[in-house]
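Per-entry structural report
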Amino acid sequence: SRAASEHGKAALRSKLIPAVTALSVVILSSGGCSADRPGERGPDGTPVVLISVDTLRSDRLPAYGYDGVETPAIDALRRDGILFERAYTHAPLTLPAHTSLLTGTLPPTHGVRDNLGYSVNAATTPSLQQTLSRAGYATGAGVSAFVLRRATGLAEGFDFYDDGIELGPDAAAPGIQSVQRSGGETFEVVRPWLRSVADRPFFLFFHIFEPHTPYDPPAEFAARYEAPYDGEVAAADAVVGRLLQELRDLEVFDKALIIFLSDHGEGLGDHGESEHGVFLYRSTLQVPLIIKLPRGERAGGTVSHPVQLIDVCPTVAAILGTGGEDRFEGRSLLAGETEEDRVTPIYAETLYPRLHFGWSDLAALIDGRYHFIDAPQPELFDLLEDPDELRNLFGSEPELETEFAKRLIVFDREVEGPQPTDLETRRRLEALGYVGEVMVTDADALPDPKARIGVLAEIREAHRLFAGGNFASAVSAFRRIVDKEQGIEDAWDYLALAHLGLGQVHEAASIYREALDRVPRSMRLSRNAIIRTLGESSDPLS
């Protein structure tokens, strides 16, 4: 197995051959629960509203015990619904996470492994909206970020899909308004469609981007909260409140199935990660999840066992009776948790460090109280005793560690190369902090992201300087990065681009020569060296 040898942990992996085949059968056959459980079936034509608040940590909500922000709308929804104390995403990135949410399948199955260079194949991976459309539902969506634009394939199956985020006048340096819009704007776009379908079965997917970076809450919330992240959480709550009130005004709220969640969390400095994408700690994997059932059934209930985003699709299918649960890899969230009917370990991955920086990718499993992270330096945490994940137990529980590693072999971590992305698309995502062009790096002996996380802040700052046109400072910033991390193609490329921004063609050509000495197999650097300097100098690469 290529996945088994990917991080060079030969000693650990040598223990894994026995029982892998039998274990694979058990894990792969446990998805797709039955819809025939008592109390799951809802009334025919039940409206479905799926609310996704991007980048929202569960532990920054009062419903989960946080007292630093007020969220009256979410609090009220919690009183009307069931709160899942331990819900987890499968990738700390917006597009892969939402693809898992809307298809009920894991990233290795649907194939969307990053925000850049990957798209949903609706023909091979049917979605919830396609299922409901075939069942006679009106299907509509409003999204608030360029990451979920219709070109990703997520729009397939929606009658109405609004991703209208206008590109600013300078495509080379897009402002934040070119890559996201406020949740309030998205609500205003969605509201006419919602009113037009309120008297028939409908499915609404409503996505807002607060509190994703850059944290810039509206003035009323900025004045109220010292932490900008909390201000954006409060702003998101206000938008959610407007949507829920609209549902009440349309006399839909009581009969609707409403699912509130996030696609992933946010680092906020935990483990050295300020944002998300690089690590697989609880701070970015655990998400809020509240389900309000039709007629308010089980209102105020709480579920304490671990659940996952791929459980949402089979839950909707079970309540609506649409069938097709066999193709989902999760199970109904209403199924309960018994020893005989136990949820499989929850899988998560991030290829972001590998695809963007040439560092090792990571994979994780959460099973009950334990969280295992497969990395060059593996980690094992007891989430009940150590929820902040400060004490790595790896090395002290050999039998448990071996069992986790066995289970990871089942998941296909082979990486298919991303599709080429145009410069405009890369620049727009860089404005959201997703820096670095996507590439496939040889997986052997890659650095552990834990040992490189400090460089990430420098990379983001260098990109900020470049995007702002401060090319002189960008030259200095990218130079410091490549002196420490000589294998990051993106940093070399932007160092050369910064010189070109200063009109220094010979210096840029010199940078490309140096870069190709350090990364000799880089097709990207070879290509860009010719394209960007040829013709600007009599002999740029001699």
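Residues numbered from 1 in each chain as written. Predicted model: local features only at pLDDT ≥ 70, side-chain atom pairs only at ≥ 80, totals over all residues. Heavy atoms only, no water.

**Side note on the overall build of the protein**
Rules: A helix here means a DSSP run of H or I that spans at least four residues, while a strand means a run of E at least two residues long, and both kinds are numbered starting from the N terminus. The rule is simple: take the accessible area with a 1.4 Å probe, protein chains only, and divide by the maximum for that residue type; under 20% is buried, over 50% is exposed, in between is partly exposed. Contact between two residues is taken to exist if any of their heavy atoms lie within 4.5 Å; hydrogens are not considered. For the accessible areas, the method is Shrake-Rupley and the probe is 1.4 Å, while residue cover comes only from the protein chains on display.
Within the protein, the secondary structure is distributed over 20 helices and 15 strands. Expressed as a percentage of the 542 residues in the protein, the buried residues total 59%. Long-range contacts, defined as pairs at least 24 residues apart, comprise 71% of the intrachain contacts of the protein with a sequence gap of at least 6. Total accessible area on the protein is roughly 20,500 Å²; 50% of this is exposed by carbon and sulfur atoms.

**What about the confidence of the model for the protein?**
Stated precisely, the cut-off is as follows: You can read pLDDT as the predictor saying how much it trusts each residue, on a scale of 0 to 100.
Confidence in the prediction of the protein, expressed as mean pLDDT, is 85, and 82% of residues score 70 or more. Contacts from residues 1-38, a stretch scored under 50 in pLDDT, to residues over four places away or in other chains number 67 contacts. Note that pLDDT drops below 50 for residues 537-542; the model gives that stretch 13 contacts with residues more than four away or on any other chain.

**Here we look at the nonpolar core**
This is how it is decided: Definition of nonpolar core: a set of buried residues of the types Ala, Val, Leu, Ile, Met, Phe, Trp, Tyr and Cys, connected through side-chain atoms within 4.5 Å.
Residues F357, F466, F478, I481, W492 and L495 are the most contacted members of the largest nonpolar core, which totals 47 residues. For this core, the secondary-structure elements that each account for two or more residues are β12 (346-350), α13 (352-357), β13 (362-367), α16 (453-467), α17 (471-484), α18 (489-501), α19 (505-518) and α20 (523-533). V147, L154, A155 and L289 belong to the second-largest nonpolar core, a separate cluster that totals 46 residues.

**A short note on the sheet that holds strand β3 (residues 87-88)**
Filter applied, for reference: Strand pairing follows a simple DSSP-based rule, namely that at least 2 bridges must link the two strands.
One open sheet holds the three strands; their spatial order is β8-β3-β11, and the pairing between them is mixed. The outermost strands of the open sheet, each flanked by one partner alone, are β8 (286-287) and β11 (307-308).

**Observations regarding the packing of α18 against α19**
Relative orientation and spacing of two packed helices are given, respectively, by the angle between their axes and the distance between those axes. For the record, the criterion: All axes are obtained by fitting lines to C-alpha atoms, using only the stretch in contact for helices, and the reported angles, taken between N-to-C directions, cover 0 to 180 degrees. Small angles under 35 degrees read as roughly parallel and large ones over 145 as roughly antiparallel, with 65 to 115 read as roughly perpendicular and the rest as oblique. Each residue gets one label: Ala, Val, Leu, Ile, Met, Phe, Trp, Tyr, Cys and Pro are nonpolar, Asp, Glu, Lys and Arg are charged, and the others, such as Gly, are polar.
Relative orientation of the contacting elements α18 and α19 amounts to 170°, with a least axis distance of 8 Å. The angle between α18 and α19 places the two elements in the roughly antiparallel class. Residue-level inspection shows W492, D493, L495, A496, H499 and L500 of α18 in contact with α19, the latter providing V505, E507, A508, I511, Y512, E514, A515 and R518. The residue makeup of the contact of α18 with α19, split by class, is nine nonpolar, one polar and four charged.

**What about unusual backbone geometry?**
Between E210 and the following residue, P211, the backbone shows a cis peptide bond with an omega angle of 10°. With respect to the helices and strands, P211 occurs in the loop between β6 (202-208) and α9 (219-224). Omega for the bond connecting T213 with P214 falls within 30 degrees of zero, at -5°, which places this linkage in the cis form. Within the secondary structure layout, P214 lies in the loop between β6 and α9. The backbone phi angle of T55 is positive, close to 65°, even though this residue is not glycine. By the element assignment, T55 lies in the loop between β1 (48-53) and α4 (72-80). Even without being a glycine, R295 presents a positive backbone phi close to 65°. Mapping R295 onto the fold places it in the loop between β9 (289-292) and β10 (302-303).

**Quick look at the pattern of salt bridges**
Here is the rule: We define a salt bridge as a side-chain nitrogen of Lys or Arg found within 4 Å of a carboxyl oxygen belonging to Asp or Glu.
Taken as a whole and assessed by the stated rule, the structure comprises 29 salt bridges. For R57, the salt bridge goes to D59, with nearest N and O atoms at 2.8 Å. Relative accessible area serves as the criterion here: at 24%, D59 is assigned to the partly exposed category. Each of E188, R191, R195, R242 and E246 takes part in a single network of salt bridges with overlapping partners.

**A closer look at the packing of α17 against α18**
Heads up, the rule is: In this scheme the crossing of two helices becomes right-handed for a clockwise turn of the near helix relative to the far one and left-handed for an anticlockwise turn of less than a right angle.
Two elements in contact, α17 and α18, have axes separated by 9 Å at closest approach and are oriented at 155°. If you check the angle between α17 and α18, you find them roughly antiparallel. When you trace α17 past α18, the crossing you get is left-handed. Of α18, the residues touching α17 (which contributes F471, A474, V475, F478, R479, I481 and V482) are A491, W492, Y494, L495, A498, H499 and G501. Looking at side-chain class alone, the contact of α17 with α18 contains eleven nonpolar, two polar and one charged residues.

**Section: the pairing of strand β7 (residues 257-261)**
Most of β7 is tucked away, with five of its five residues classed as buried. Alternating residues of β7 divide into L257, I259 and L261 and I258 and F260, and every residue in both groups is buried. Across five bridges, β1 lies against β7 in parallel orientation. Residue pairing in the sheet places I51 in a bridge with F260 of β7. Taken together, the four bridges between β7 and β9 define a ladder with antiparallel strand orientation. Its bridge partner lying in β9, F260 is registered against I290.

**Considerations on the packing of aromatic side chains**
What counts, and what does not: Centre distance within 6.5 Å is the pairing criterion for rings of Phe, Tyr and Trp, where only the six-membered ring of Trp is used; planes under 30 degrees apart are then read as stacked, over 60 as edge-to-face, and the remainder as tilted. Charge over a ring is defined by NZ of Lys or CZ of Arg lying within 6 Å of the ring centre and within 35 degrees of the ring normal.
Across all of its chains, the model carries 16 aromatic pairs by this definition. With centroids separated by 5.5 Å and ring planes inclined at 15°, the aromatic side chains of F372 and F404 adopt a geometry described as stacked. Separated by 32 residues along the polypeptide, F372 in strand β14 (residues 370-374) and F404 in helix α14 (residues 398-409) bring together distant segments of the chain. Across the pair, exposure class does not vary: F372 and F404 are buried alike. An aromatic cluster is present here, built from F158, Y161, F203 and F205 joined pairwise through their rings. The ring of F253 carries R248 above its face, with NZ or CZ at 4.3 Å from the centroid. The ring of F253 has K292 lying over it, and the distance from NZ or CZ to the ring centre is 5.1 Å.

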